[in-house]
Amino acid sequence: MNIRPDAARMKRELDELVAINSENPPGGEGAVAQWARERLASLGFEVKLIEYAPARFNVEARLVNGPGPVFAFNTHMDTVPAGDGWTSDAFTLTERDGRLYGRGSCDCKGPLAAMIEAARMLVAERQAWSGTLMVVFTGDEEVASAGARHYAASRPEIDAVVVGEPTGNACFSAHKGSFRPVVRITGKAAHSGSPHLGDNAIFRAGQLMPLLAAFHDDVLAQRSHPLVGNPSLTVTRIKGGHADNVIPAECELLLDRRLIPGETDASAEAEIRALLADAERTHGIHAEIVGYHATTGGATDTPETAPVVQAAIAACRAAGVAEAGPFGFQGACDLVHFIEAGAEGVVIGAGDIRVAHRPDEFVPADEFVMSAAIYADIARRILAA
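Each value, and the rule that gives it
Every chain is numbered on its own, with residues counted from 1 as its sequence reads. The predicted origin of the model limits local features to residues at a pLDDT of at least 70 and limits the giving and counting of side-chain atom pairs to 80 or more, whereas totals for whole chains, interfaces and linings rest on all residues. Each side-chain value is worked out from all heavy atoms of the structure, with water and hydrogens disregarded. The helix count covers DSSP runs of H or I at least four residues long, the strand count covers runs of E at least two residues long, and both are numbered beginning at the N terminus. Throughout, a residue-residue contact means that at least one pair of heavy atoms, one from each residue, lies within 4.5 Å. Each pair of aromatic rings taken from Phe, Tyr and Trp, with Trp reduced to its six-membered ring, is defined by centres within 6.5 Å and is described as stacked if the planes are under 30 degrees apart, edge-to-face if over 60, and tilted in the remaining cases. Classification of residues uses two cut-offs on accessible area relative to the type maximum, computed with a 1.4 Å probe and protein chains only: under 20% is buried, over 50% is exposed, and between them is partly exposed. In this scheme, strands are said to pair when DSSP sees at least two bridges between them. The axes are straight lines fitted to the C-alpha atoms, using for helices just the contacting stretch, and the angles between their N-to-C directions are given from 0 to 180°. In this context, the arc is that of the directions from the helix axis out to the C-beta atoms. What makes a salt bridge here is a side-chain nitrogen of Lys or Arg within 4 Å of a carboxyl oxygen of Asp or Glu, nothing more. Every helix has an expected span of 1.5 Å times one less than the residues it contains.

(A) Molecular detail of the side chain of Ser145. Within the fold, Ser145 resides in the loop between β6 (131–138) and α4 (146–153). Aside from chain neighbours lying at most four places away, what touches Ser145 is Gly139, Asp140, Thr295, Thr296, Asp334 and His337.

As structure tokens, this is what we get:
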């Protein structure tokens, strides 16, 4: 008989994790990494802390249990900053009305605690599976996935991975990516009392923005992926001018381009450069890409026929998830980096991504406990003896 998750222990450990401040920025995952190392080592895993940047760590734990596939659990140890507006302490797990509140409760310390519990369950029933079980916790997912990028660059031998993110415990086998170029629009400075002597870069940026919106509506919105839907292009930041009485000679826009599987940073950049060239020819707008902001990474999908997708759907259904999937994750996450390293994978976890970065982030307690059972079940199906 399969061992069931220990709900009381899971809540206790989630409380300990939420109490560790690992806000990113600045990214203090070290204490979470030490916490995870202690628990995984006590279960018999060979555990390494991998420093991918000064005082920034990944955790890699490995348990070899005979011949067979290599299966990994992965989630991230950092959280977004707590911010204001909480009705309870962001770093104290608070249970009310069947919900567990705290920063990281669903993104992603809830999945982390559930994966630790799933690992315990699997260790206790080693006679039922064969292969290598890995637990890989990464840093910096909330900013640039530096931890996962560093780990994937080592080309770890992983056949299948389950990435923990809040999905309501349904199987998500695809996710969007993101690409963020900085576009500089140039004009000509002049005294603001004689604006006709200059060329206002902010006004020029205003002319460019409808062209960007039209590209989104007329081109990108016409593309679609069956699981993640449409790609997108929007402006998320604007900066221009340096004095109250000077016509601005420069204005910068930060573009947020969401990618669907099949698109890449390079293909998205080529389209934006072509758009800017057309804007100069037709409107006299002088604009160019001058830099890039870091993102979590590109888009990816795993075929529904892949064994890990089939195992995940079966495990979700067995746990009573009404709509098991597969679905597409609208955000980006670390799955793409594991796939680029050669694994096949899915995204599953308790909670709702729509509450993940807000004040009063929470995970439903029953979903949280259920997720550990789902994680263990997927591993059993992949590592079946």
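Moving on, there is more to tell.
(B) Looking closely at the packing of aromatic side chains. Per the counting criterion, the structure on display carries seven aromatic pairs. Ring centres of Phe172 and Phe329 lie 6.1 Å apart, and the angle between their planes is 90°; on these two criteria the pair is classed as edge-to-face. With Phe172 in strand β8 (residues 172–175) and Phe329 in strand β16 (residues 327–329), this residue pair connects regions lying 157 residues apart in the sequence. A ring pair is formed by Phe179 and Tyr292, whose centres lie 5.8 Å apart and whose planes are at 40°; its orientation type is tilted. Of this pair, Phe179 sits in strand β9 (residues 177–186) while Tyr292 sits in strand β14 (residues 286–293), placing them 113 residues apart in sequence. Look at Phe179 and you get buried, because its relative accessible area is 5%.

(C) Broad picture of the sheet that holds β9. Read across the sheet, four strands follow the order β11-β13-β9-β14 without closing on themselves; strand pairing throughout is antiparallel. Of all strands in the sheet, those with a lone pairing partner are β11 (232–240) and β14, marking the two edges. On average, each strand axis in the sheet is inclined to that of its neighbour by 30°, with strand direction left out of account. When β11 meets strand β13 (residues 250–259), the two strands line up antiparallel, connected through eight bridges. In the strand pairing of β13, Thr234 is matched with Asp256. Taken strand by strand, helix α5 (residues 201–218) contacts β9, β11, β13 and β14, and its axis lies near 15° from that of β13. Relative to β14, helix α6 (residues 265–283) is tilted by about 155°, and along the sheet it contacts β9, β11, β13 and β14.

(D) Representation of α4 within the structure. Of the residues making up α4, those classed as buried are Gly147, Ala148, Tyr151 and Ala152. The arc that holds every buried residue of α4, seen down its axis, measures 125°, which confines them to one face. Phi turns positive one or two residues past the end of α4, at Arg155, with a value near 55°.

(E) Looking closely at the pattern of salt bridges. Counted under the stated rule, the structure contains 27 salt bridges. In this structure, Arg56 and Asp140 form a salt bridge, with 3.4 Å as the shortest nitrogen-oxygen distance. Of this pair, Arg56 sits in strand β2 (residues 56–65) while Asp140 sits in the loop between β6 and α4, and the two are 84 residues apart along the sequence. The class for Arg56 is buried, based on a relative accessible area of 14%. In this structure Asp140 comes out as buried when scored by relative accessible area, which is 6%. Overlapping salt bridges, with partners in common, bring together Arg9, Glu13, Glu16, Glu38, Arg39, Glu117 and Arg120 in one network.

(F) View of the pairing of β8. Of the pairings in the sheet, the one linking β8 to β16 comprises three bridges and is parallel in character. Pairing of Ala174 across the sheet is with Gly328, part of β16.

(G) Spatial organisation of α6. Along its 19 residues, α6 runs 26 Å from first to last C-alpha, staying within 8% of the 27 Å computed at 1.5 Å per residue. Those residues of α6 hidden inside the fold are in contact with β9, α5, β11, β13 and β14. One or two steps after α6, the chain reaches Gly284, where phi turns positive at roughly 70°.

(H) Focus on unusual backbone geometry. Here Pro25 and Pro26 are connected by a cis peptide whose omega angle stands at 5°. Counting through the fold element by element, Pro26 comes out in the loop between α1 (7–18) and α2 (30–42). In the segment running from Gly325 into Pro326, the intervening peptide bond is cis, with an omega of 10°. Among the secondary structure elements, Pro326 is positioned in the loop between α7 (307–318) and β16. Unlike most non-glycine residues, Arg155 shows phi in positive territory, near 55°. Structurally, Arg155 can be placed in the loop between α4 and β7 (160–163). A positive phi angle is found at Asn169, which is not glycine, with a value near 65°. As for its position among the elements, Asn169 is in the loop between β7 and β8. For Asn169, a relative accessible area of 0% puts it in the buried group.

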